[in-house]
Amino acid sequence: MAYRWKNNLTQADVTPKGMWLNRRQIMAGAVGAGLIGNVAGAADDLEPNSLEDIRSYNNYYEFGTGKSDPAENAGALDTSNWTIKVGGMVDNPGEYTLDELVGDLTQEERIYRFRCVEAWSMVVPWNGVELADVLNKVGVQSGGNYVAFETVVQPENMPGVRRNVIPFPYKEGLRMDEAMHPLTMLATGIYGEPLANQNGAPIRLVVPWKYGFKSIKSIVSINVVAEQPETTWKDINFREYGFFANVNPNVSHPRWSQATERVIGGGLFSARKDTLLYNGYDEVASLYEGMDPNALY
Ligand SMILES: Nc1nc2c(c(=O)[nH]1)N[C@H]1C(S)=C(S)[C@@H](COP(=O)(O)O)O[C@H]1N2
Ligand SMILES: [Mo]
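All values reported here derive from a predicted model rather than from experimental measurement.

Take the overall build of the protein chain next. Counting its regular elements, the protein chain contains 10 helices and 12 strands. Burial status across the protein chain gives 54% buried among its 297 residues. Contacts spanning at least 24 positions in sequence make up 72% of the contacts within the protein chain whose residues lie at least 6 apart. Carbon and sulfur atoms make up 50% of the accessible area of the protein chain, which amounts to about 12700 Å² in all.

Another point: the sheet that holds strand 10 (residues 219-225). The five strands lie next to each other as 2-1-10-5-6, forming an open sheet whose pairing is mixed. The open sheet has two edge strands, strand 2 (94-97) and strand 6 (171-175), and neither has a second partner. Neighbour-to-neighbour, the strand axes of this sheet turn through a mean angle of 20°, independent of strand direction. As paired strands, strand 1 (residues 83-88) and strand 10 are joined by four bridges and run parallel to one another. Bridging across to strand 10, Val86 finds its partner in Ile222.

Sites flagged by UniProt as "binding site: Mo-molybdopterin" (unreviewed entry) map to Asn58, Tyr61, Glu62, Cys116, Thr151, Asn199, Arg204, Ser215, Ile216 and Lys217. Its place among the elements puts Asn58 in the loop between helix 4 (51-56) and helix 5 (69-73). Residue classification places Asn58 among the buried residues on the basis of a relative accessible area of 3%. Sequence-distant contacts of Asn58, that is, excluding residues within four places in its chain, are made with Gly66, Lys67, Pro70, Gln198, Asn199 and Lys217. Among the polar contacts made by the side chain of Asn58, one reaches the main-chain carbonyl oxygen of Ile54 at a distance of 3.1 Å. Position of Tyr61 relative to the elements: it lies in the loop between helix 4 and helix 5. Apart from the residues within four sequence positions on either side, Tyr61 is in contact with Glu118, Gly160, Val165, Ile166, Phe168 and Trp233.

What follows concerns the pairing of strand 10. Judged from the six bridges that link them, strand 5 (residues 146-151) and strand 10 form a sheet pairing that is antiparallel. Bridging from a neighbouring strand, Glu150 pairs with Ser221 of strand 10.

A word on the site of ligand 1. Near ligand 1 you find 17 residues, and of these Asn58, Tyr61, Glu62, Thr151 and Lys217 are the closest. The separation between a nitrogen atom of ligand 1 and a polar side-chain atom of Thr151 is 2.9 Å. Between an oxygen atom of ligand 1 and a side-chain N or O atom of Lys217, the distance comes to 2.7 Å. Against a free-state accessible area of 530 Å², the protein chains account for coverage of 96% of ligand 1. Considering only residue class, the shell around ligand 1 consists of eight nonpolar, six polar and three charged.

Conventions used here
Residues numbered from 1 in each chain as written. Chains lettered and ligands numbered in written order. Predicted model: local features only at pLDDT ≥ 70, side-chain atom pairs only at ≥ 80, totals over all residues. Heavy atoms only, no water. Helix = DSSP H or I, 4+ residues; strand = E, 2+ residues; numbered from the N terminus. Buried < 20%, exposed > 50% of the residue type's maximum accessible area, 1.4 Å probe, protein only. Contact = heavy atoms within 4.5 Å. Areas by Shrake-Rupley, 256 points an atom, 1.4 Å probe, with all protein chains shown as cover. Pairing = 2+ DSSP bridges. Axes fitted to C-alpha atoms, helices over the stretch in contact; angles between N-to-C directions. UniProt positions renumbered as here; feature names shortened; annotations may be inferred. Polar contact = N/O pair within 3.5 Å; in protein donor to acceptor, adjacent residues only side chain to side chain. Near = heavy atom within 4 Å. Nonpolar A, V, L, I, M, F, W, Y, C, P; charged D, E, K, R; others polar.

See below:
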């Protein structure tokens, strides 16, 4: 299929619909008018970063903790013959090739804000599939309340793993309703190109209303489980990084404010802008009704 953002993307391309809804969803009426209104309201400032920005300023600790380490080192990642082990409380467990897992699913193009817990942000035009489509295909069994993900470990190719900069494998997880939300995707590309290794090739999670550390890269295992799974950053320091990690300008990180963010790109002087609750994706608010916002950090 032709990806429109292979060409120069103009602001006119970033229509409220094109932003994250594809034709299938609109025609199927899978979302309400209110939802589209929310997205339209937040569309004003949404200009995708350049592919160069997206590929040169990264967090991928398996390849080092510096922002340029992943671009420098991730070329060594071996993505050949990639398989993803799907297990736990599913009807169709097994080891899937990429093509078996996502090849038959609707390809999506989504331009999302991406907000790191460190208070920088980008706008990324992703390609991939809805995680819900994958989960429905493998068949979530009753009692499967969470989804747990793990990143590949290739010590010989990963200097950060050899130096044990944090515990590996990198692990992340979502509650089932978060995993099933239509905004949540498994991305395999950016700007119509396959993911660069430093962006989490060949397949990574994207959860745009949560801090970036939830969006786990280079996934080799997906497990449906009953209880909240272990997750890397929460396990390292639960006071600073929670399981939910919803973007919230009103809940400070213990060591810095989350009220504003540094916009990557745009020349020498990185602009700052106000951080939006749920990173601007208000339609997820209903998932957290009755929960204490401080517990959702
Ligand atoms: N396996 C793995 N996934 C990861 C990380 C990591 O270090 N290892 N870093 C996370 C963090 S903190 C962020 S902000 C995003 C960065 O994604 P990007 O480099 O594609 O912008 O990846 C997330 N996924
Ligand atoms: Mo991050």
